[in-house]
Amino acid sequence: MESPLVPTFAEEKILQAQGYRFIAGIDEVGRGALAGPVAAAAVILPLRIKAGWLKQVRDSKQLTPEKREVLSRHIHSVAVAIGIGFVPSEIIDKRGIVKATHLAMRLAIKQLSPRAETLLIDYLHLPGVRLPQKGVTDGDSLCISIACASIVAKVARDRLMVEMDETYNGYG
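Thresholds applied
- Residues numbered from 1 in each chain as written.
- Predicted model: local features only at pLDDT ≥ 70, side-chain atom pairs only at ≥ 80, totals over all residues.
- Heavy atoms only, no water.
- Pairing = 2+ DSSP bridges.
- Helix = DSSP H or I, 4+ residues; strand = E, 2+ residues; numbered from the N terminus.
- Axes fitted to C-alpha atoms, helices over the stretch in contact; angles between N-to-C directions.
- Contact = heavy atoms within 4.5 Å.
- 1 Å grid on protein atoms, 1.4 Å probe; cavity = no way out; pocket = protein on both sides within 12 Å on 5 of 7 lines; lining within 4 Å.
- Points joined across faces, edges and corners; volume = space filled by probe spheres on them.
- Nonpolar A, V, L, I, M, F, W, Y, C, P; charged D, E, K, R; others polar.
- Buried < 20%, exposed > 50% of the residue type's maximum accessible area, 1.4 Å probe, protein only.

**A look at the sheet that holds strand β4 (residues 118-122)**
So, point 1. What the five strands build is an open sheet, ordered β3-β2-β1-β4-β5; its pairing is mixed. Looking along the sheet, the strands with just one partner apiece sit at the ends: β3 (81-87) and β5 (133-136). Mean inter-strand twist for the sheet, computed between neighbouring axes without regard to direction, equals 20°.
So, point 2. Here strand β2 (residues 38-44) runs beside β3; their pairing, made up of seven bridges, is antiparallel. The residue of β3 that forms the bridge with Val43 is Ile82.
So, point 3. Across the face of the sheet, helix α1 (residues 10-17) comes into contact with β1 (23-29), β4 and β5 while running at roughly 160° to β4.
So, point 4. Taken strand by strand, helix α4 (residues 97-110) contacts β1, β2, β3 and β4, and its axis lies near 35° from that of β2.

**Here's the deal with empty space enclosed by the protein**
So, point 1. By the definition in use, this model includes one cavity of 30 Å³ or more.
So, point 2. Looking at the largest cavity, its volume works out to about 60 Å³.
So, point 3. Lining the largest cavity, in full, are Phe9, Glu12, Gln16, Arg21, Ile23, Leu45, Pro46, Leu47 and Ser145.
So, point 4. Split by residue class, the lining of the largest cavity holds five nonpolar, two polar and two charged.

**Considering the environment of Gln111**
So, point 1. Summarising the element assignment, Gln111 is placed in the loop between α4 and β4.
So, point 2. What makes Gln111 partly exposed here is its relative accessible area of 44%.
So, point 3. Between the alpha carbons of Gln111 and Ile82 there is a distance of 7.3 Å; along the sequence they are 29 residues apart.

Right, here's the structure in full:
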């Protein structure tokens, strides 16, 4: 069995060398789900961060729910800024999953304060956003800020789905 990739700061360091300070990693969750919204998170990490828990950061799909919760708390405690965008199933059904995903990402980016100067996005290029951006193939496995966004988005969406299950019993 292949060992999972460990995200690094390589992409962030390239952008830092170009003078960028506020680099947002962006990822989405819920694109393949049968119920609920698509969610996206944008995370700006400090330029210099040393924390033991960073070694545990992975693509959210590779982590247990408990590990994601713990890491999400750590990410929230150190992040320069975090934004989370949700787009409900009605809009997904009306506009399609790709446009809904783009909308969720734009909503997450708009919440960032300070504002992002450049974007690292898991796989995608985000049309209509006038910021320098790079789509990183397997970004949630390779890039630490995208992996952190993956975790934050997954935890936020999972919490929402638990609330929905309490309201509309039976989803599990």
